[in-house]
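# Observations on the model geometry
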Amino acid sequence: MVEKTVNAHRSHLSEALEEPADTPDEPQVVQPPAELKIVTRLREQRAAAHELWAQGMSKAAIGRKVGLHRATVRKLVDARSADDVVAKSLQRTHIIDPYVGYLHRRWNAGVRSAAQLYREIQELGYPVAS
């Protein structure tokens, strides 16, 4: 899971992070880009679902047409606004969140081995996969 996360955020990890000289060894807060791809996709999906719903299509038919599960279509159609859908997606926390700053610093220090980074965050308390 860590390896997938590191690989998925590889382009962001190589960006230089400015750190003050006397920074404690706490994870640094990483600011997300202005509009994440997931946000753009959710907005587009909601707009498409609402357009087809307004044309009288059923949720199941919309799901088949746009390639989404019925439950996802239901959430998109029932949401009052695109921001409601986006907010739920962005509020999810991930088990890796407390270690992202550390991973950024190690990546910028030249450590490119996902296995090595995984071992290091395990030493910091990341749960060991069973």
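For the structure, see preceding data.
The text that follows walks through the structure, step by step, so that each part is easy to find. (Residues numbered from 1 in each chain as written. Predicted model: local features only at pLDDT ≥ 70, side-chain atom pairs only at ≥ 80, totals over all residues. Heavy atoms only, no water.)

What follows concerns the packing of aromatic side chains. Scanning the model with the defined rule gives two aromatic pairs in all. Ring plane angle 80° and centroid distance 5.6 Å describe the contact between Tyr 99 and Tyr 126, whose orientation is recorded as edge-to-face. Taken together, the residues Tyr 99 in the loop between helix 6 (82-90) and helix 7 (100-108) and Tyr 126 in the segment after helix 8 (114-123) connect sequence positions 27 residues apart. Each ring, one from Tyr 118 and one from Tyr 126, has its centre 6.0 Å from the other, and the planes form 75°; the classification is edge-to-face. Members of the aromatic cluster, joined through ring pairs, are Tyr 99, Tyr 118 and Tyr 126. Note that Lys 59 overlies the ring of Trp 53, its terminal NZ or CZ placed 5.1 Å from the centroid. (Phe/Tyr/Trp six-rings, centres within 6.5 Å; stacked < 30°, edge-to-face > 60°. Helix = DSSP H or I, 4+ residues; strand = E, 2+ residues; numbered from the N terminus. Lys NZ or Arg CZ within 6 Å of the ring centre and 35° of its normal.)

A few words now on the environment of Ala 60. Note that Ala 60 resides in helix 4 (residues 59-66). Residue classification places Ala 60 among the partly exposed residues on the basis of a relative accessible area of 25%. The spacing of Ala 60 and Ala 71 is eleven residues in sequence and 8.9 Å in space, taken between C-alpha atoms. (Buried < 20%, exposed > 50% of the residue type's maximum accessible area, 1.4 Å probe, protein only.)

The next point concerns a positive patch on the surface. Judged by side-chain charge, Arg 64, Arg 70, Arg 74, Lys 75 and Lys 88 come together as a positively charged surface patch. Considering every element that reaches the positive patch, the biggest residue donor is helix 5 (residues 70-78), with three residues. Counting through the fold element by element, Lys 75 comes out in helix 5. (Patch = residues over 30% accessible without salt bridge, like charges linked within 9 Å, V, L, I, M, F, W, Y side chains within 5 Å. Areas by Shrake-Rupley, 256 points an atom, 1.4 Å probe, with all protein chains shown as cover. Salt bridge = Lys/Arg side-chain N within 4 Å of Asp/Glu carboxyl O. Lys, Arg positive; Asp, Glu negative; His and termini not counted. Charge placed at Lys NZ, Arg CZ, Asp CG, Glu CD.)

Below, the discussion takes up the nonpolar core. Within the largest apolar cluster, twelve residues are counted, these being Val 39, Leu 42, Ala 49, Leu 52, Ile 62, Leu 68, Val 73, Leu 76, Val 77, Ala 79, Val 85 and Val 86. For this core, the secondary structure elements donating two or more residues are helix 3 (37-54), helix 5 and helix 6. For this core, the leading source of residues is helix 3, giving four residues. Those residues in contact with Leu 68, other than ones at most four positions away along the chain, are Gln 45, Gly 63, Val 73 and Leu 76. If you look at the next biggest cluster of nonpolar residues, it comprises nine residues, including Leu 103, Trp 107, Leu 117 and Ile 121. (Core = buried A, V, L, I, M, F, W, Y, C linked by side-chain atoms within 4.5 Å. Contact = heavy atoms within 4.5 Å.)

With that out of the way, let us pick up the packing of helix 4 against helix 5. Between helix 4 and helix 5, whose axes approach to 8 Å, the crossing angle comes to 110°. Classified by the angle between their axes, helix 4 and helix 5 sit roughly perpendicular to one another. Here Lys 59, Ala 60, Ile 62 and Gly 63 of helix 4 come into contact with helix 5, specifically with Arg 70, Val 73, Arg 74, Val 77 and Asp 78. Within the contact of helix 4 with helix 5, the residues separate by chemical class into four nonpolar, one polar and four charged. (Axes fitted to C-alpha atoms, helices over the stretch in contact; angles between N-to-C directions. Parallel < 35°, antiparallel > 145°, perpendicular 65-115°, else oblique. Nonpolar A, V, L, I, M, F, W, Y, C, P; charged D, E, K, R; others polar.)

Attention now moves to the pattern of salt bridges. Applying the stated criterion across every chain yields a total of four salt bridges. Here Asp 84 and Arg 80 are joined by a salt bridge, their closest N and O atoms 3.4 Å apart. On the basis of relative accessible area, Asp 84 is assigned to the partly exposed category, the value being 27%. The class of Arg 80 is exposed, set by a relative accessible area of 73%.

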